[in-house]
Amino acid sequence: MGGNTSTATWPPEGNTFPLATFAAGCFWGVELRFQRVPGVQKTAVGYIQGEVDNPTYEMICSGMTGHTEAVQMTYDPSVVSFAELCDAFYAGHNPRQKNGQGGDIGTQYRSGIYVHDEEQRRVAEEKKAGVEGAVTEIETAATFWPAEEYHQQYLEKGGRFGSGQNAAKGCTDKIRCYG
């Protein structure tokens, strides 16, 4: 039994774009990286691949729910392909580190691509095969639980230190993980 009562609204009402879901460590920096990709329409951070409905951030951090922190997005395939999203994913983290990224350690920080159809699976497997030593899990996307509202677009809004980071399409500024 979960307890998350202050989640963001997701997916966007009236969405007609496909979904893509990636996990690559702490979701704040992953989200900002994808916000900057031309063709990505909307993003949400949340929890996926776990065993508890409606989890909270505190529950995820315990490592006991099986969830991973992830970013789910809508994207316009006439502007950016799923293959290009996979390229951005692999360029933005260490896919060889199991159950963590840098100092963030735990199964909630694992590398994953959670596919929404068989074409995404084919592309994801192909991209993973091109990354020597990748431990990225590729699984069918389970229920995506949007994180609490304060986590959404966290780094763009200012992060921990109140200094917002640029989420403009094409921006290449260094991402500061905690703001």
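Note: the structure precedes this text.
What you see is a predicted model; the values in this text were computed from it and never measured.

Conventions and cut-offs
Residues numbered from 1 in each chain as written. Predicted model: local features only at pLDDT ≥ 70, side-chain atom pairs only at ≥ 80, totals over all residues. Heavy atoms only, no water. Helix = DSSP H or I, 4+ residues; strand = E, 2+ residues; numbered from the N terminus. Buried < 20%, exposed > 50% of the residue type's maximum accessible area, 1.4 Å probe, protein only. Lys, Arg positive; Asp, Glu negative; His and termini not counted. Salt bridge = Lys/Arg side-chain N within 4 Å of Asp/Glu carboxyl O. Contact = heavy atoms within 4.5 Å. 1 Å grid on protein atoms, 1.4 Å probe; cavity = no way out; pocket = protein on both sides within 12 Å on 5 of 7 lines; lining within 4 Å. Points joined across faces, edges and corners; volume = space filled by probe spheres on them. Nonpolar A, V, L, I, M, F, W, Y, C, P; charged D, E, K, R; others polar. Pairing = 2+ DSSP bridges. Axes fitted to C-alpha atoms, helices over the stretch in contact; angles between N-to-C directions.

A. Local environment of the side chain of Asp104. Locating Asp104 in the fold gives a position in strand S5 (residues 104–105). In this structure, Asp104 is buried with no salt-bridge partner, the nearest side chain bearing the opposite charge being Arg160 at 8.0 Å. Not counting residues within four places of it along the chain, the set of residues in contact with Asp104 comprises Cys26, Asn99, Tyr109 and Tyr178.

B. Region of interest: the layout of surface pockets. Approximately 300 Å³ is the volume found for the largest pocket. Looking at the largest pocket, it is lined by 16 residues, and the ones nearest its centre are Ala24, Cys26, Gly29, Gly92 and Cys177. Here the lining of the largest pocket is built from residues that sort into 7 nonpolar, 7 polar and 2 charged.

C. A look at helix H1 (residues 27–35). For H1, a buried count of 8 out of 9 residues is recorded, marking the element as mostly surrounded by other parts of the structure. Listing the buried residues of H1 in full gives Phe27, Trp28, Gly29, Val30, Glu31, Leu32, Phe34 and Gln35. Looking at the buried residues of H1, the elements they touch are strand S1 (19–24), strand S2 (40–48), helix H2 (57–61), strand S3 (68–75), helix H3 (82–91) and helix H5 (154–157).

D. The sheet that holds S3, seen in detail. Sheet architecture is open: 6 strands sit in the order S7-S6-S1-S3-S2-S8, paired in mixed fashion. At either margin of the open sheet sits one strand with a lone partner, and together these are strand S7 (137–140) and strand S8 (145–146). By the bridge criterion, 4 bridges tie strand S6 (residues 111–115) to S7 in an arrangement that is parallel. When the sheet's bridge partners are listed, Val115 is paired in S7 with Thr140. On top of the sheet, H3 reaches S1, S2, S3 and S6; it is set at about 15° to S1, its chief contact.

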